[in-house]
Amino acid sequence: MAEFTVVNAIALAVGVIFLANGYHMVRRGREDMVLFATSVLVGAGLIFVALFPDAFQFVAAVLGLELKARAILVMANLTLFVLVTYLLNRIGSLYEKVSRLNEEVSLLRAELEDHRDE
């Protein structure tokens, strides 16, 4: 087993925080299944990396990289690209919802003013 370092401890703590965040989202009833699954996957991944850092030696060999640090960076970047893409799509859909809501509020406001004038 590899030596446990401060980086491993930080990764373990952040992984536990991600898992706790997912648990609290479900407990409060505000869960979005994609967000919950993402939180669990990222948290479990960080915990796995913290406990078994030598597993990336295998990943580095599969990817044809010399160092496991490069394999970790590649996997981290891919994870971040997926998360950013998800968040950008989510922001776009929220902008659409806000726009529709503004339109509906404007229509209701106009209708209310028409009823007041009568």
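A quick note: this is a predicted structure, and the numbers were derived from the prediction, not measured.

### Concerning the pattern of salt bridges
Evaluation of the coordinates by the stated rule reveals three salt bridges. The shortest N-O distance in the salt bridge between Lys-68 and Asp-54 comes to 3.0 Å. With a gap of 14 residues between them, Lys-68 in helix α4 (residues 68–117) and Asp-54 in the loop between α2 (33–51) and α3 (55–63) connect regions that are remote in the sequence. We classify Asp-54 as partly exposed; its relative accessible area is 42%. Linking Glu-96 and Arg-100 is a salt bridge whose minimum nitrogen-to-oxygen distance equals 3.6 Å.

### What about a negative patch on the surface?
A contiguous patch of negative charge on the surface is contributed by Glu-111, Glu-113, Asp-114, Asp-117 and Glu-118. Using a relative accessible area of 68% as the deciding quantity, one classes Asp-117 as exposed.

### Section: the packing of α3 against α4
Two numbers describe how α3 lies on α4: the axes approach to 8 Å, and their chain directions differ by 80 degrees. Considering the angle they form, α3 stands roughly perpendicular to α4. Contact with α3, carried on its side by Phe-56, Gln-57, Val-59, Ala-60 and Leu-63, involves Lys-68, Ala-71, Ile-72, Val-74 and Met-75 of α4 and no other residues of that element. Residues belonging to the contact of α3 with α4 are distributed by class as follows: eight nonpolar, one polar and one charged.

### As for the packing of α2 against α4
Direction vectors running N to C along α2 and α4 enclose 165 degrees, while the axes themselves pass 12 Å from each other. Considered as vectors, α2 and α4 are oriented roughly antiparallel to each other. Like other packed secondary-structure pairs, α2 and α4 cross with a definite hand, here left-handed. Residues Val-34, Leu-35, Thr-38 and Val-42 of α2 form the contact with α4, whose participating residues are Thr-79, Leu-83 and Tyr-86. When grouped by side-chain class, the residues that make up the contact of α2 with α4 number five nonpolar, two polar and no charged.

What counts as what
Residues numbered from 1 in each chain as written. Predicted model: local features only at pLDDT ≥ 70, side-chain atom pairs only at ≥ 80, totals over all residues. Heavy atoms only, no water. Salt bridge = Lys/Arg side-chain N within 4 Å of Asp/Glu carboxyl O. Helix = DSSP H or I, 4+ residues; strand = E, 2+ residues; numbered from the N terminus. Buried < 20%, exposed > 50% of the residue type's maximum accessible area, 1.4 Å probe, protein only. Patch = residues over 30% accessible without salt bridge, like charges linked within 9 Å, V, L, I, M, F, W, Y side chains within 5 Å. Areas by Shrake-Rupley, 256 points an atom, 1.4 Å probe, with all protein chains shown as cover. Lys, Arg positive; Asp, Glu negative; His and termini not counted. Charge placed at Lys NZ, Arg CZ, Asp CG, Glu CD. Axes fitted to C-alpha atoms, helices over the stretch in contact; angles between N-to-C directions. Parallel < 35°, antiparallel > 145°, perpendicular 65-115°, else oblique. Contact = heavy atoms within 4.5 Å. Nonpolar A, V, L, I, M, F, W, Y, C, P; charged D, E, K, R; others polar. Left-handed = near helix turned anticlockwise from the far one by under 90°.

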